[in-house]
Amino acid sequence: IYSLDISLMGPAFFFYPLYPPAEGIPLDFSLAQEALTISTIPDIIILPSDMKYFIKVLSLGGRNEGEEQKKCVCVNPGRLAKGEGSGTFAEIYYHGSPEMMNASIISI
């Protein structure tokens, strides 16, 4: 069983490609710090993968004194089509903040 610890992305929220890259894919890491850093915490982040679908609310930030924690909803909708079988997708109703949203995973 595989597990994705999405809390590892906070508080820096730094995304990076797999290293080393697949053969034949040219990657220039000289601009990685600027290009792959998210300066603000998003309300919703969608990370589709082949792993089991999930919706998880994370509390990020608040590491420094006086800094508030911000909520981020992380969604892995899974795959819509999985070979011959059916897949899953996420239905999200967003109303301005993570506290005022509803989300669910739907199988087809």
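The sections below set out a description of the structure shown in this document. Here the structure is a predicted model, which means the values were calculated and not measured.

Before going further, it helps to spend a moment on the overall build of the chain. Secondary structure assignment for the chain yields 1 helix and 7 strands. Put simply, the chain runs from its N terminus to its C terminus through helices and strands in the order α-β-β-β-β-β-β-β. Buried residues in the chain amount to 22% of all 108 residues. For the chain, contacts bridging at least 24 residues in sequence account for 47% of all contacts bridging at least 6. Carbon and sulfur atoms form 56% of the exposed surface of the chain, whose accessible area is close to 8100 Å².

For the rest of this paragraph, the subject is the sheet that holds strand 3 (residues 69-76). Reading across from one edge, 1-3-2 is the order of the 3 strands in this open sheet, with mixed pairing throughout. The open sheet has two edge strands with one neighbour each: strand 1 (44-46) and strand 2 (54-61). Each neighbouring strand pair of the sheet contributes to a mean axis angle of 25°, computed without reference to strand direction. Note: strand 1 against strand 3, 3 bridges, orientation parallel. The residue of strand 3 that forms the bridge with Ile44 is Val73.

Before going further, it helps to examine the pattern of salt bridges. Going through the model one piece at a time under the given rule, you end up with 2 salt bridges. With a closest N to O distance of 2.6 Å, Asp43 and Lys70 form a salt bridge. Here the residue Asp43 occupies a position in the loop between helix 1 (32-35) and strand 1, and Lys70 occupies one in strand 3, the gap between them amounting to 27 residues. Relative accessible area serves as the criterion here: at 31%, Lys70 is assigned to the partly exposed category. Residues Asp50 and Arg79 are paired through a salt bridge, measuring 2.8 Å at the closest nitrogen-oxygen approach. Of the two residues, Asp50 is situated in the loop between strand 1 and strand 2 and Arg79 in the loop between strand 3 and strand 4 (81-82); the sequence distance between them amounts to 29 residues. By relative accessible area, Asp50 is classed as exposed at 66%.

Here we take up a nonpolar patch on the surface. Taken together, Ile25, Leu27 and Phe29 make up a surface patch of nonpolar side chains, about 260 Å² in accessible area. Within the fold, Ile25 resides in the segment before helix 1.

To continue, consider the nonpolar core. Membership of the largest hydrophobic core is limited to 7 residues, which are Ile41, Ile45, Phe54, Leu58, Leu60, Cys72 and Cys74. For this core, the secondary structure elements donating two or more residues are strand 2 and strand 3. Here this core gets 3 residues from one element, more than from any other, and that element is strand 2.

A separate point is the state of the cysteines. Enumeration according to the criterion identifies 0 disulfides in this entry. Unpaired in terms of disulfides, Cys72 finds its nearest cysteine sulfur in Cys74, a separation of 6.3 Å. By relative accessible area, Cys72 is classed as buried at 0%.

Cut-offs and rules
Residues numbered from 1 in each chain as written. Predicted model: local features only at pLDDT ≥ 70, side-chain atom pairs only at ≥ 80, totals over all residues. Heavy atoms only, no water. Helix = DSSP H or I, 4+ residues; strand = E, 2+ residues; numbered from the N terminus. Buried < 20%, exposed > 50% of the residue type's maximum accessible area, 1.4 Å probe, protein only. Contact = heavy atoms within 4.5 Å. Areas by Shrake-Rupley, 256 points an atom, 1.4 Å probe, with all protein chains shown as cover. Pairing = 2+ DSSP bridges. Axes fitted to C-alpha atoms, helices over the stretch in contact; angles between N-to-C directions. Salt bridge = Lys/Arg side-chain N within 4 Å of Asp/Glu carboxyl O. Patch = residues over 30% accessible without salt bridge, like charges linked within 9 Å, V, L, I, M, F, W, Y side chains within 5 Å. Core = buried A, V, L, I, M, F, W, Y, C linked by side-chain atoms within 4.5 Å. Disulfide = S-S within 2.5 Å.

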